[in-house]
2 protein chains.
Amino acid sequence: MTLDPLDERIIGILGRDGRRSYARIGHEVGLSAPAVKRRVDRLLDTGAITGFTVVVDETRLGWQTDAYVELYCTGQPQPGQLARDVGRVPEVVSACTVTGDADALLRIRARDVRDFERVLDELAQLDYVARTKTTLVLSHLVDRPRPDSRKNGSR
Amino acid sequence: MTLDPLDERIIGILGRDGRRSYARIGHEVGLSAPAVKRRVDRLLDTGAITGFTVVVDETRLGWQTDAYVELYCTGQPQPGQLARDVGRVPEVVSACTVTGDADALLRIRARDVRDFERVLDELAQLDYVARTKTTLVLSHLVDRPRPDSRKNGSR
DNA sequence: CCTGAAACGTCGACGGG
DNA sequence: CCCGTCGACGTTTCAGG
């Protein structure tokens, strides 16, 4: 699966403003609105684009506690089971298996520290979880939806 | 800053489909399209909503290496300087200061392992960076744009 | 908050490079 | 194959109630 430079520019523009009209995008990249739509539709079909979403300020919406939690497990839980189990906890916003000592690394968003403790308890009760290690997020320095693919020369 | 239950539902819908029309949203929550637009505009004004974006499958677009990098620094670099420095590296998709031994935790998206090594070198050359510790992501289990705020009763 | 009407955007069908 | 133009339809947006 390979991307046209025009596709990359379109994705870049949609990354900065997911609701920009096809006509405006076309004007910026030198295509007509239908041509842009056809490309976006194709990108959706092939799965390169998986959807559109709103970006919210989590902290302002009351999710004040942000943390990474490493999971140390007994044995090797099936990745499928692990995914299902942690996916059931709504405060888990991301989870992945990783190299290193821990078996999985979770990103948690909780209302406050008290709420976070409850989530941690919930995770510790999964029978294959031996222990957890928490790293609290203090301040956010950078947050991008995706890597910047312009070929460096900005600034 | 407090949110109406209607605002929460609207944000929830936009989270699942950031391009859904105000008319359809209005139909789902029991408002007219202009009423929905006014709410979304207000949420944008107050900063609760910071924008709209496209969701892409990074792996399919050629960003095959995903890793967490802990930064250990000499002294306490100013958070502002750190943010500026790591923000200049396009492969850094997120960065935050954290509790624990490390001073900062970065999320990196690189084209491949070779590309990742280059990024790591770039980070190591910042003069206040003493050492780094990499954790490679193996497989993604969960990935949500934000915590699920439905009050648990699903499944 | 809703309703209406004008401006705007979307999206299929069609023809040309 | 991918592009552009056109026209019908849906949506946004602002006025007024």
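Considerations on the overall build of chain A
Item 1. A count of helices and strands for chain A gives five helices and five strands.
Item 2. Relative to its length of 155 residues, chain A is extended, with a C-alpha radius of gyration of 20 Å against a globular reference of 15 Å.
Item 3. In terms of overall dimensions, chain A has a C-alpha envelope of 55 × 35 × 30 Å along the principal axes.
Item 4. Here chain A, with 155 residues, has 48% of them falling under the buried criterion.
Item 5. Of the contacts formed within chain A by residues at least 6 apart in sequence, a portion of 64% connects residues at least 24 apart.

So, the pattern of salt bridges
All names here are of chain A.
Item 1. Counted under the stated rule, the structure contains 28 salt bridges over all chains.
Item 2. Of the charged contacts in the structure, one is a salt bridge between Glu28 and Arg20, with a shortest N-O distance of 2.6 Å.
Item 3. For Glu28, a relative accessible area of 36% corresponds to the partly exposed category.

A word on the layout of surface pockets
Item 1. Computed from the structure, the largest pocket encloses a volume of approximately 1,400 Å³.
Item 2. Along the wall of the largest pocket there are 46 residues; nearest its centre are A:Asp143, A:Arg144, A:Pro145, B:Arg144 and B:Pro145.
Item 3. When the residues that make up the lining of the largest pocket are grouped by side-chain class, the tally is 15 nonpolar, 14 polar and 17 charged.

Observations regarding the protein's contact with DNA strand D
Item 1. Taken together, the neighbourhood of DNA strand D is formed by A:Gly30, A:Leu31, A:Ser32, A:Pro34, A:Ala35, A:Arg38, A:Arg39, B:Ser21, B:Tyr22, B:Ala23, B:Pro34 and B:Lys37.
Item 2. What you see for DNA strand D is that sugar and phosphate hold 54% of its atoms within 4 Å of the protein.
Item 3. A distance of 2.9 Å separates a base nitrogen of DNA strand D from a polar atom in the side chain of A:Arg38.
Item 4. A distance of 3.1 Å is found between a phosphate oxygen of DNA strand D and a backbone nitrogen or oxygen belonging to B:Ala23.
Item 5. Of all elements in the fold, only helix H3 (33–46) of chain A together with helix H2 (22–29) and helix H3 (33–46) of chain B reach the threshold of two or more residues within the surface near DNA strand D.
Item 6. Sorting elements by how many residues they give to the surface near DNA strand D places H3(A) first, with four residues.

Let's talk about the sheet that holds strand E2 (residues 65–73) of chain A
Item 1. Ordered by their spatial adjacency, eight strands build a closed barrel running E2(A)-E4(A)-E3(A)-E5(B)-E2(B)-E4(B)-E3(B)-E5(A), and the pairing between neighbours is antiparallel. Across the sheet, the axes of successive neighbouring strands diverge by a mean angle of 35°, strand direction being ignored.
Item 2. Along the sheet face, helix H5 (residues 113–124) of chain A touches E2, strand E4 (104–110) and strand E5 (129–143) of chain A and points at about 145° away from the line of E4(A).
Item 3. In the packing of helix H5 (residues 113–124) of chain B onto the sheet, the strands contacted are strand E2 (65–73), strand E4 (104–110) and strand E5 (129–143) of chain B, and the crossing angle to E4(B) comes to about 145°.

Quick look at the relation of the copies chain B and chain A
Item 1. If you rotate chain B by 180° and push it 0.0 Å along the axis, it lands on chain A with an RMSD of 0.1 Å. The relationship between the two copies is best expressed as a two-fold rotation axis. Across chain B, the rotation axis passes nearest the C-alpha of B:Thr53, at a separation of 2.8 Å.
Item 2. Both copies present the same face, since 98% of the interface residues in chain B are matched by interface residues at the equivalent positions in chain A.

The rules behind the values
- Sequence order as written defines the numbering, with residues in each chain counted from 1.
- By the order in which they are written, chains take letters starting at A while ligands take numbers starting at 1.
- Under the rules for a predicted model, residues below a pLDDT of 70 receive no local features and side-chain atom pairs below 80 are neither given nor counted, while totals for whole chains, interfaces and linings still include all residues.
- Values reported for side chains reflect all heavy atoms of the structure, with hydrogen atoms and water molecules removed beforehand.
- What counts as a helix is a DSSP run of H or I of at least four residues, what counts as a strand is a run of E of at least two, and both are numbered from the N terminus.
- As a reference, a globule follows 2.2 Å times the number of residues to the power 0.38, and the radius of gyration itself is taken over C-alpha atoms.
- Residue burial is assigned from relative accessible area. The probe radius is 1.4 Å, only protein chains are included, and a residue is buried under 20% of its type maximum, exposed over 50%, and partly exposed in between.
- We call two residues contacting when some pair of their heavy atoms lies within 4.5 Å.
- Salt bridge criterion: a side-chain nitrogen from Lys or Arg within 4 Å of a carboxyl oxygen from Asp or Glu.
- Think of a 1 Å grid over the protein atoms and nothing else: a 1.4 Å probe that fits but is trapped marks a cavity, an open set flanked by protein within 12 Å on at least five of seven lines marks a pocket, and residues with an atom within 4 Å of a point count as lining.
- Grid points are joined across faces, edges and corners, and a volume is the space filled by probe spheres set on the points.
- Three categories are distinguished: nonpolar for Ala, Val, Leu, Ile, Met, Phe, Trp, Tyr, Cys and Pro, charged for Asp, Glu, Lys and Arg, and polar for the others, with Gly belonging to the last.
- A cutoff of 4 Å decides nearness: a residue is near a molecule or strand if any of its heavy atoms lies inside that distance of it.
- Under this definition, polar contacts are N or O atom pairs within 3.5 Å; protein pairs additionally need one hydrogen-donor-capable and one acceptor-capable atom, and for neighbouring residues in sequence, both atoms have to be side-chain atoms.
- Any two strands with at least two DSSP-identified bridges between them are counted as paired.
- Angles run from 0 to 180 degrees between N-to-C directions of axes, and those axes are lines fitted to C-alpha atoms, restricted for helices to the stretch in contact.
- The least-squares superposition of copies is restricted to C-alpha atoms, and to residues with a pLDDT of at least 70 in both copies.

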